[in-house]
Amino acid sequence: MAETGTFLRVRCVDNTLQRDTLALGRVYEVTRDIERDGYYELSGLGRFSRSRFEVVEPPNDDRTKIRRWSGSR
């Protein structure tokens, strides 16, 4: 089941084993927050563990919406 979430930006704090894809300290836009599985889906890059990132700014309901998945695909 899908529910609507808020726009979210995250900063990479761990690029171990993902150095060719993720840049340490770079800010990425989350297109899907897959809470149940513990992943963020990043625009054009795929899924990555939420533990690799820190939220740059708190979610704000006035910004662009993203899809938040609470179940498996």
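Refer to the preceding data block for the structure.
Each value, and the rule that gives it
- Residues numbered from 1 in each chain as written.
- Predicted model: local features only at pLDDT ≥ 70, side-chain atom pairs only at ≥ 80, totals over all residues.
- Heavy atoms only, no water.
- Pairing = 2+ DSSP bridges.
- Helix = DSSP H or I, 4+ residues; strand = E, 2+ residues; numbered from the N terminus.
- Salt bridge = Lys/Arg side-chain N within 4 Å of Asp/Glu carboxyl O.
- Buried < 20%, exposed > 50% of the residue type's maximum accessible area, 1.4 Å probe, protein only.

A. Molecular detail of the pairing of strand β4 (residues 39-42). Relative to β4, strand β3 (residues 27-34) is paired through four bridges, and the arrangement is antiparallel. Across the sheet, the residue bridging to I34 is Y39, located in β4. The antiparallel hairpin formed by β3 and β4 contains four residues in its connecting segment, where G38 sits at a positive phi of about 75 degrees. Here β4 runs beside strand β5 (residues 46-49); their pairing, made up of four bridges, is antiparallel. Looking at the pairing, L42 lines up with G46 of β5. Count of turn residues in the β4/β5 antiparallel hairpin: three residues, of which G44 carries a positive phi of about 75 degrees.

B. Region of interest: the pattern of salt bridges. Tallied over the full model, the rule gives five salt bridges. One salt bridge in this structure joins R11 and E54, with 3.1 Å as the shortest N-O distance. You can see R11 sitting in strand β2 (residues 8-12) and its partner E54 sitting in strand β6 (residues 53-55), a full 43 residues away along the chain. R50 serves as the salt-bridge partner of D33, at 3.4 Å between the closest nitrogen and oxygen. Placement of the pair is D33 in strand β3 and R50 in the loop between β5 and β6, with a sequence separation of 17 residues. Given a relative accessible area of 2%, D33 falls into the buried group. In this structure R50 comes out as partly exposed when scored by relative accessible area, which is 27%. Each of R32, E41 and R47 takes part in salt bridges that share partners, so that together they form one network.

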